[in-house]
Amino acid sequence: MATRPKQRNLGRLSEIAQVAVRHGFGYAVDGRKAGDPATGQTARGRHLREMFDELGPTFVKFGQLLSTRPDIVPPDIIAELRSLQDDVRPFPFTDIEKTIREELGQPIERLFTEFDEKPLAAASIGQVHRATLPNGRLVAVKVQRPNAPRQIEADLALMYQAAKLAKERIRALDFIDTNEIVDEFSRSIRQELDYRLEARNADGFHKNFAGHPHVSVPRVYWTYTRSKVLTLEYLDGVQLADLELDQWSLDQRRRLAYLIAETWMTMIFRQGFFHADPHPANILVLSPERIGLVDFGLTGKLTDDDMSKLTRLFIDAASENIEALPKRLSDLGVRYPKEREEQFVSELRELYYRYYGASIQEIDPIQVIREAFGLIYTMNLRLPTRFVMLDKAIATLGSVGVELYPDFNVFEIAKPYARDLMIERFTPRRIAARARREGWKLTQMAADLPYQVHETLEQVRDGQIEVGFVHKGLDEFMAKLDVLFNRLVIALVVTGGLIGSSLIGILAKSGPHVLGLHIVSVLGFGLSTVLGVWLLWGVLRSGRL
């Protein structure tokens, strides 16, 4: 019995290998180089998307994660992976009943007066059903698939094996920590297994948009919500993906596109908490002048400090201070090799002046974002997750807007929000607030300083701190010093030999003599002469007297 999970894993691994070969990724299995013509490099994004789609829900979600990583995934692959849809077959209604009874402690018929057996939508982790509460309110109930955690853990184990294999076989992935990518994905998907986190996100958006005339966010019914069951207010609308655009006038489509964009700009620039997946399936059209938001599993958050740093980045960009941009990006957490900073500045300057001075109508925002992602990829930059999610949200938003209204430009919407943000950052009230905040931090640092010094001294006393240093050129200096001391010793030996031999020659009267000198004196003079000539020759040969 203990071997069955292992056998299942081997079977699944074999299936993954077969699918990979079928879609042109055989080099990752049989050891061929990634540059082989058989791999079909020109269509690699499509092949990868089709492979993930065939491998099932967990791999679809992994592909969706990769589509948010322009720092490690080329733009052509990102464009394909963004079209992955998390849409699978629904599971039986008996499983729905069982999960609700286990999570909420009562059968469906006692919790809801009506409960549609046909799901509104089905995804890899759960599916959504419409129901009616005892008070008559319509709700959308999201129920987790049975055995979803076990299946996901099994697939994660295989992904770690695949990551190790890819790292060993594909040289182009040398700069990527493939294990780290799988770690990030595992954290993300394990969070999605707890619907209470999504409920908290939905609750936050509901409070932020409370009373908004054009945006609806469903309220959370916490009494009917657990880790595997999420109950939200039902929004009666049409998914943007299913909207019949030919029945809408161009002006209506324009207003809808700008309403969606303004909603996200409000979240990003004013609330600092944004829905990170604005694709058409997550936006409901409730009326020509009103939209609803759903699916809050993927969100991004920008702190006040992030907004301040973004403001400084905007100011430097607006004032053409290109040399300061790498520093501003570094402050935001963007990582790049220090030795390539000059190349980074040059690439940024080229990208910047390509669009500087052009009117909003002349700029294709999607092209700008693609070029920025291309720079990120070629420079092997590392981006903080929250900014990667922000980039992805704006790019997706631009695509959605263009589909609704061909002349849509997301930058045109973002510009006044960014300008208001810059103005707001430098109002006397905000400056005073920042001064108080920084003053409090400095006070805390000053108060902690004596304790930190005391702790450091104790560690030094106990031998817990070792100090090491590397001095450039020190080895050469030590070698020269060694030669100097050797010559000094030989010179002292020569001097001592001459003096000693002279004294012996003067004072020694008995014993053998040669040419009137004592034999010891002759030997001493001879040895001193040889050493002295050797020392002189070494000095002359070095060219330094």
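Residues numbered from 1 in each chain as written. Predicted model: local features only at pLDDT ≥ 70, side-chain atom pairs only at ≥ 80, totals over all residues. Heavy atoms only, no water.

> Describe the side chain of Thr 99, with residues and values.
Relative to the elements of secondary structure, Thr 99 occurs in helix α6 (residues 93-104). When residues no more than four places from it in sequence are discounted, the contact partners of Thr 99 are Val 143, Gln 144, Lys 228 and Val 229. (Helix = DSSP H or I, 4+ residues; strand = E, 2+ residues; numbered from the N terminus. Contact = heavy atoms within 4.5 Å.)

> Summarise the pattern of salt bridges; cite the residues concerned and give the values.
Scanning the model with the defined rule gives nine salt bridges in all. Here Glu 50 makes a salt bridge to Arg 46, at a shortest N to O gap of 3.5 Å. With a gap of four residues between them, Glu 50 and Arg 46 both fall in helix α3 (residues 44-55), about one helical turn apart. A relative accessible area of 27% means that Glu 50 is categorised as partly exposed. Of the charged contacts in the structure, one is a salt bridge between Arg 130 and Asp 116, with a shortest N-O distance of 3.3 Å. Linking Arg 130 in strand β3 (residues 126-132) with Asp 116 in the loop between β1 (114-115) and β2 (121-122), this pair joins segments that are 14 residues apart in sequence. Exposure remark for Arg 130: the relative accessible area of 31% places this residue in the partly exposed category. Where salt bridges share partners, they join Asp 251, Arg 255 and Glu 289 into one cluster. (Salt bridge = Lys/Arg side-chain N within 4 Å of Asp/Glu carboxyl O. Buried < 20%, exposed > 50% of the residue type's maximum accessible area, 1.4 Å probe, protein only.)

> Can you tell me about the confidence of the model for the protein, naming the residues and giving the values?
If pLDDT is low for a region, its predicted coordinates should not be looked at in detail. Across the protein, the average pLDDT comes to 77, with 76% of residues at or above 70. Across the protein, strand β6 (residues 229-233) holds the top mean pLDDT of 97, while helix α2 (residues 27-30) sits lowest at 51. Note on residues 1-5: pLDDT is under 50 here. Beyond four places in sequence and across chains, it has zero contacts. Between residues 33-41, whose pLDDT stays under 50, and residues either more than four places distant or in other chains, the model counts eleven contacts. (pLDDT = per-residue confidence, 0-100.)

> Please give an account of the nonpolar core that cites residues and values.
Counting residues in each nonpolar core, the largest one holds 89 residues, and the members touching the most others are Phe 52, Leu 240, Leu 256, Ile 260 and Phe 274. Ranked by the residues each element gives to this core, the list is headed by helix α11 (residues 250-271), at eleven residues. Aside from chain neighbours lying at most four places away, what touches Phe 274 is Phe 205, Met 267, Ile 268, Thr 299, Gly 300, Lys 301, Leu 302, Arg 386, Met 389, Leu 390 and Ala 393. (Core = buried A, V, L, I, M, F, W, Y, C linked by side-chain atoms within 4.5 Å.)

> Could you give an account of the environment of Glu 97, with specific residues and numbers?
Structurally, Glu 97 can be placed in helix α6. A relative accessible area of 26% means that Glu 97 is categorised as partly exposed. The spatial distance from the C-alpha of Glu 97 to the C-alpha of Ile 108 is 6.3 Å, given a sequence separation of eleven residues.

> Quick rundown of α11? Include the residues and the values.
Given a rise of 1.5 Å per residue, 22 residues ought to cover 32 Å, and the 30 Å separating the end C-alpha atoms of α11 matches this to within 8%. Downstream of α11 by a residue or two, Gly 272 has a phi angle that is positive, lying close to 70°. (Expected span 1.5 Å × (residues − 1).)

> How would you summarise the packing of aromatic side chains if you had to cite specific residues and measurements?
By convention here, two paired aromatic rings are described through the distance between centres and the angle between planes. All chains considered together, the criterion is met by seven aromatic pairs. Relative to Phe 408, the ring of Tyr 258 lies with its centre 5.3 Å away and its plane at 75°, an arrangement referred to as edge-to-face. Pair noted here: Tyr 258 is in helix α11 and Phe 408 is in the loop between α16 (385-404) and α17 (410-425), with a separation of 150 residues, a long-range link. Since its relative accessible area comes to 10%, Tyr 258 is described here as buried. An aromatic cluster is defined as three or more aromatic residues linked by ring pairs; in this entry it consists of Phe 93, Phe 112, Phe 115 and Tyr 224. Stacked on the ring of Tyr 258, the Lys or Arg Arg 254 has its end atom at 4.6 Å from the ring centre. (Phe/Tyr/Trp six-rings, centres within 6.5 Å; stacked < 30°, edge-to-face > 60°. Lys NZ or Arg CZ within 6 Å of the ring centre and 35° of its normal.)

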